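Structural description and commentary
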Amino acid sequence: MPANADSHDAMIRFRGAGVTYPNGVVGLEDVSLDIRRGEFVVIVGSSGAGKSTFLRTINGLTPLSAGSIEVAGQPVPRKQGRELRQLRARIGMVFQDFRLVRRVSVLNNVLIGRVARVAGWRSVLNLWPRADVELAFGALERVGIVDKAYTRAGQLSGGQQQRVGIARALAQEPEVILADEPVASLDPVTCHQVMEDLLRINRELGITTLVNLHFLDLARRYGQRIIGLQQGRLVFDGAGSDVTDADFQRIYGRRPEEDDFLQEARA
Amino acid sequence: MNRPAPPDRQLGLWFTIAAGLVAMTVWSGVSIGFSISELVCNAPGGSRLLRESWPPDFAFLPRLIGPFLETVQIALIGTVVGAVIAIPVAVLAARPVSPNWLTWILDRNFMNILRTLPDLFWAMLFATAVGFGPLAGALALSVFSVAVISKLFSESVEAIDLNLTEAVRASGGSWLQMIGLGALPQVWPQYAAYVLYAFELNVRGSMVLGLVGAGGIGMILETQRANFEYERVAMIILAVLVVVLLIEQFSIALRRRLT
Ligand SMILES: Nc1ncnc2c1ncn2[C@@H]1O[C@H](COP(=O)(O)OP(=O)(O)OP(=O)(O)O)[C@@H](O)[C@H]1O
Ligand SMILES: [Mg+2]
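Residues numbered from 1 in each chain as written. Chains lettered and ligands numbered in written order. Predicted model: local features only at pLDDT ≥ 70, side-chain atom pairs only at ≥ 80, totals over all residues. Heavy atoms only, no water.

1. Details of the site of ligand 1
All names here are of chain A.
- Around ligand 1, the structure places 13 residues, and the nearest of them are Ser 47, Gly 48, Lys 51, Ser 52 and Thr 53.
- In the model, an oxygen atom of ligand 1 is placed 2.8 Å from a nitrogen or oxygen of the Gly 48 main chain.
- Between ligand 1 and Ala 49 there is a distance of 3.2 Å, counted from an oxygen atom to a backbone nitrogen or oxygen.
- Protein contacts shield 63% of the accessible area of ligand 1, which totals 630 Å² for the unbound molecule.
- Here the shell around ligand 1 is built from residues that sort into 3 nonpolar, 8 polar and 2 charged. (Near = heavy atom within 4 Å. Polar contact = N/O pair within 3.5 Å; in protein donor to acceptor, adjacent residues only side chain to side chain. Areas by Shrake-Rupley, 256 points an atom, 1.4 Å probe, with all protein chains shown as cover. Nonpolar A, V, L, I, M, F, W, Y, C, P; charged D, E, K, R; others polar.)

2. Examining the interface of chain B and chain A
- Taken together, the 18 residues of chain B in the interface contact 29 residues of chain A.
- Counting each side, the surface lost to burial between chain B and chain A is near 1,900 Å², with a carbon and sulfur contribution of 60%.
- Among the residues of chain B in contact with chain A, Ala 170, Ser 171 and Leu 181 of chain B are the three that bury the most area, contributing 29% of the side total.
- At the boundary of chain B and chain A, one finds 2 salt bridges.
- Among the ionic pairs, Arg 99 of chain A bridges to Glu 166 of chain B, the shortest N-O distance being 2.6 Å.
- In this structure, the connection of chain B to chain A is made through 9 residue pairs in polar contact (both at pLDDT 80 or more). (Contact = heavy atoms within 4.5 Å. Buried area = accessible area lost by both parts, 1.4 Å probe. Salt bridge = Lys/Arg side-chain N within 4 Å of Asp/Glu carboxyl O.)

3. Side note on helix H5 (residues 130-142) of chain A
All names here are of chain A.
- The end-to-end C-alpha distance of H5 is 18 Å, a good match for the 18 Å that 13 residues give at a rise of 1.5 Å each.
- Taken residue by residue, H5 has Asp 132, Val 133, Ala 136, Phe 137, Ala 139 and Leu 140 as its buried positions. Buried residues in H5, looked at end-on, bunch into an arc of 160°, giving them a common side. Along H5, the residues that are exposed and aim more than 90 degrees away from the buried face are Arg 130, Ala 131 and Glu 141.
- On the buried face of H5, the contacting elements are helix H3 (106-111) and helix H6 (158-171). (Helix = DSSP H or I, 4+ residues; strand = E, 2+ residues; numbered from the N terminus. Expected span 1.5 Å × (residues − 1). Buried < 20%, exposed > 50% of the residue type's maximum accessible area, 1.4 Å probe, protein only. Arc of directions from axis to C-beta.)

4. Details of the sheet that holds strand E3 (residues 40-44) of chain A
Residues and elements named next belong to chain A.
- Overall, mixed pairing links the 6 strands, which are arranged E6-E7-E8-E3-E9-E10 in an open sheet. Bordering the open sheet on either side are strand E6 (91-95) and strand E10 (233-239), each of which pairs with just one other strand. Strand-to-strand twist across the sheet, computed as the mean angle between neighbouring axes with direction ignored, equals 15°.
- Bridge count between strand E9 (residues 225-230) and E10: 6 bridges; the pairing is antiparallel. Each bridged residue has a counterpart across the sheet, and for Leu 229 the counterpart in E10 is Leu 234.
- The strands touched by H6 within the sheet are E6 and strand E7 (176-180), with E6 carrying the most contacts at an inclination of about 170°. (Pairing = 2+ DSSP bridges. Axes fitted to C-alpha atoms, helices over the stretch in contact; angles between N-to-C directions.)

5. Some details on the packing of helix H9 (residues 175-214) of chain B against helix H11 (residues 230-258) of chain B
Residues and elements named next belong to chain B.
- Viewed as axis vectors pointing N to C, H9 and H11 meet at an angle of 175°, and their least axial separation amounts to 9 Å. As judged from the angle between their axes, H9 and H11 are roughly antiparallel. On H11, the residues touching Pro 189, Ala 192, Ala 193, Leu 196, Tyr 197, Phe 199, Glu 200, Val 203, Arg 204 and Met 207 of H9 are Val 240, Val 244, Ile 247, Glu 248, Ser 251, Ile 252, Leu 254, Arg 255 and Leu 258. (Parallel < 35°, antiparallel > 145°, perpendicular 65-115°, else oblique.)

6. Comments concerning the packing of aromatic side chains
Residue and element names in this part refer to chain B.
- Following the criterion strictly, the structure yields 6 aromatic pairs over all chains and no others.
- With centroids separated by 5.0 Å and ring planes inclined at 55°, the aromatic side chains of Phe 153 and Tyr 191 adopt a geometry described as tilted. Residue Phe 153 is located in helix H7 (residues 134-158), and its partner Tyr 191 is located in helix H9; the two are separated by 38 residues in the primary sequence.
- Among the residues examined, Phe 153 registers a relative accessible area of 0% and is labelled buried. (Phe/Tyr/Trp six-rings, centres within 6.5 Å; stacked < 30°, edge-to-face > 60°.)

7. Remarks on a nonpolar patch on the surface
Residue and element names in this part refer to chain B.
- On the surface, a nonpolar cluster with roughly 500 Å² of combined accessible area is contributed by Leu 76, Ile 77, Val 80, Val 81, Val 84 and Ile 85.
- When you line up the elements, Ile 77 lands in helix H4 (residues 65-92).
- For Ile 77, a relative accessible area of 47% gives the class partly exposed. (Patch = residues over 30% accessible without salt bridge, like charges linked within 9 Å, V, L, I, M, F, W, Y side chains within 5 Å.)

8. Section: the pattern of salt bridges
Residues and elements named next belong to chain A.
- Counted according to the given criterion, the structure contains 25 salt bridges over all chains.
- One salt bridge connects Arg 99 with Asp 97, and the closest N-O pair in it is separated by 3.0 Å.
- By relative accessible area, which is 13% here, Arg 99 ends up buried.
- Connected via shared salt-bridge partners are Arg 142, Arg 163, Asp 197, Arg 200 and Glu 204.

Shown next, in the form of C-alpha cells:
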C-alpha cells in the first residue's frame, strides 16, 4: 500500500464510502482510501464491480449512501446546487462513449468545459468570452487536434472524438480528471495513444487522474497505482509495477483470460 | 395436431356497429336539415353561381398583392412569436429534463388546454381585447403556434440522449446550460421542421381569420362575396390555391432537407 502518511497531500479521500442504488443493488461498499495530488491511478475490476460507481461518487453524479468523500479537503455535497456545481467545475470527466454533441463543432464541445466559469445566458447564446475560447483552443492544442476546431464532432474518428472529450475536461482547468473506460470503444493503436495523452497531461499539468480500465495489460503498463474492486469492495491497492497475476486473479475472482488483455493472450 | 378452429367472426358485433353508424348519420342529417332533394333543387342556383364566377377576374389580381402580403405577415408574426414561446413550454413539459414534478404537471396541462381550443376561439378572445384586425389575428395564431409546436417539440426533447446532458452537468453546468448546451442542440433540426409546419398551418389559418375580420386576403374575399362579385371571388380562390400550394411545397422541401 502506498504510504498516506501526509494527510495534507490527499486530493481525494474516501472514508467508509458506500453506494446502495434505489433498487437495492450495492454499487460500492465501505471503501476507504486516499489519492494523493498528482497521482495517476488505474481502477480495475470485472464488469459490475463498481468502477463507474467509484468514479461517479467523486463528482457527485452518483450520491453516496454511506460514509464520506472529500475532494481537496471539501466534502462532496449531497444536494444538487451551486456548491456541487463549483466542485464539479474542478473535476473533469471523460466517458467511454465520448458524449459529444455530434451536430456541433469540436470547439463548441470543448467550450462546454467552461460552463461553470461563464454566465449561463452567455454560454447558452454561444457568446463565449474571448479568454474562454482561448482556453478551449489551448486544450485542443494539447491533445493535438486544434486543426479540427470547426469540424462537426460527429464527423471525427473515435480516437479523435475521445481527444475532444479529453480537451473538454482540460478546458475546465481541472485539478482532477476522472476517465471511465476512456479507451474501451477504441482500436488497440488509438487506445495506447489516448492513454499516452492522459499520462502526459497528468505529468505535464500535475492533474490527479483516475482511469477505469478493462484490460489488464493496459492497467499494468499505465497504472502507477492500481486499485482493484470486486463487488463494490476494495480488494487491491498497490503499485502497477508490483501487480502479479495472482493479484489479478484475486481481483477478478478467476484466472485472467484472453479477453482481459488488449494485445496478445499473455505477455 | 388439430388445426385450430377459425376464430368467431363476430358478425353480430360488426352489424351492430354498422347499423349504429348509419342511424347516427341519418339522425345528424335530419337534425341539421340536410336533404338530398333540396340539394338537387338548388343545383340550378349552384350552377348559376359557377357560371357567374367564370371567367375569374384577372384584372383584379394586382389588388390582391397587398392583402396577400398581409395574410402572410400575420402568419409569419404568429409563427415567430409562437415558435419562441414554444421552446420553454416544450422543455418544461419534457419529463426527463423538466426541473420538477409540479412544473411538469402544470405545463403539460397548460399545453393540453391550448390545444383543445381552436384558433378561431383565440381570435374572438383577442378581438374583444384589441379589436378586430391583423393584431388579433397574429395573437391568435401565436397561441395556436405555441400549441402546435410545443406538443411536437416536447416529444422530441423527451427522446434526446440524456448522456449528453449528464456530460454538461459533470462539468458543473446549471440546469439552463444543461438544456441549452446538452439537450437543445440535439433537436434543433426537428424544431425547425415543426416551425415550418406551423407556418403552413398559419397561412391557412390567417386566411380563415381574415373572413371574420382579421384582415388580409380572407377579408377581401368576404367583402367581394358580400357584394356578389363572383368573378373576383373566383380569382381570389384561384390565387389562394396557388399561394398555399407554393408555400406548402417550399416548406415540405425545406423540411425534407432538415430531417
Ligand atoms: N443507476 C443504477 N441503478 C441500479 N443499479 C446500478 C446502477 N448503476 C450501476 N448499478 C449496479 O451497480 C453495480 C456496479 O455497477 P458499475 O457500473 O459501477 O460497475 P462497473 O465496474 O463500472 O461495470 P462495467 O465494467 O460493466 O462498466 C452493478 O451491479 C450495476 O448493475
Ligand atoms: Mg462502468
